[in-house]
Amino acid sequence: MAAIETFKSWAESTMRADVDALKAVVEASSADLPARKLAASALSYLVYKMDLVPDWNAGIGFADDVMVMRVASQLIQNHDTGELPTAASVALGRMSNEADVISDFLGSQLYDKLRAYVSKLTEV
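The present account deals with the structure reproduced in this document. (Residues numbered from 1 in each chain as written. Predicted model: local features only at pLDDT ≥ 70, side-chain atom pairs only at ≥ 80, totals over all residues. Heavy atoms only, no water.)

Turning our attention to the layout of surface pockets. Of the pockets and cavities examined, the second largest pocket occupies roughly 180 Å³. Lys37, Ala40, Ser41, Ser44, Tyr45, Tyr48, Tyr117, Leu121, Thr122 and Val124 are the residues that line the second largest pocket. A per-element tally of the lining of the second largest pocket places helix 3 (residues 33-47) first, with 5 residues. Grouping the constituent residues of the lining of the second largest pocket by class yields 6 nonpolar, 3 polar and 1 charged. (1 Å grid on protein atoms, 1.4 Å probe; cavity = no way out; pocket = protein on both sides within 12 Å on 5 of 7 lines; lining within 4 Å. Points joined across faces, edges and corners; volume = space filled by probe spheres on them. Helix = DSSP H or I, 4+ residues; strand = E, 2+ residues; numbered from the N terminus. Nonpolar A, V, L, I, M, F, W, Y, C, P; charged D, E, K, R; others polar.)

A few words now on the environment of Lys8. Relative to the elements of secondary structure, Lys8 occurs in helix 1 (residues 2-13). A residue is classified by how much of its surface remains accessible, and Lys8, at 35% relative accessible area, is partly exposed. Distance from Lys8 to Phe62, taken between C-alpha atoms, is 7.3 Å for residues 54 residues apart in sequence. (Buried < 20%, exposed > 50% of the residue type's maximum accessible area, 1.4 Å probe, protein only.)

Counting 36 residues, the largest nonpolar core has Phe7, Leu22, Leu84, Leu92, Ile102 and Val118 as its most contacted members. Counting residues per element, the ones that place at least two in this core are helix 1, helix 2 (15-27), helix 3, helix 4 (63-76), helix 5 (86-106) and helix 6 (108-120). Take this core: its biggest share by element is 9 residues, from helix 4. (Core = buried A, V, L, I, M, F, W, Y, C linked by side-chain atoms within 4.5 Å.)

Where helix 2 meets helix 3, the axes come as close as 8 Å, and the angle between the chain directions of the two elements is 140°. Taken as axis vectors, helix 2 and helix 3 run oblique relative to one another. The handedness of the crossing between helix 2 and helix 3 comes out as left-handed. Facing helix 2, whose interface residues are Val19, Leu22, Lys23, Val25 and Val26, helix 3 presents Ala35, Arg36, Ala39, Ala40, Ala42, Leu43 and Leu46. Considering only residue class, the contact of helix 2 with helix 3 consists of 10 nonpolar, no polar and 2 charged. (Axes fitted to C-alpha atoms, helices over the stretch in contact; angles between N-to-C directions. Parallel < 35°, antiparallel > 145°, perpendicular 65-115°, else oblique. Left-handed = near helix turned anticlockwise from the far one by under 90°. Contact = heavy atoms within 4.5 Å.)

At their nearest, the axes of helix 2 and helix 5 sit 8 Å apart, and the two run at 110° to each other. Between helix 2 and helix 5, the crossing angle belongs to the class labelled roughly perpendicular. Both helix 2 and helix 5 take part in a crossing whose hand is left-handed. Contact with helix 2, carried on its side by Ala17, Asp18, Ala21, Leu22, Ala24 and Val25, involves Ala88, Ala91, Leu92, Arg94 and Met95 of helix 5 and no other residues of that element. Per-class residue counts for the contact of helix 2 with helix 5 are 9 nonpolar, no polar and 2 charged.

Okay, here's the thing in structure tokens:
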């Protein structure tokens, strides 16, 4: 359950910086459209109540939200984000690196499915 504690710590300690970083990508007019869509879809996912793990599930409702933000950040790294504030660039890099923790927790098959799911969120 160490991974769950890690996910919880992300929700408690870095959520604001994570949201601000994704918001900066959405607002960056010089960022590639796919990067902006990924960031916007990750932010939209945060407010969607009927997501993979519904937010009303006490104790774990946040887990999928922090996972989606990190997977989206990793996918965003494949695109030009334009000029971002330093704090946003650092947060995106951190979240992208933290996606490896999610991959280790889920295993490669489930992680690949999560990546595909996050990629398709841009179509919703």
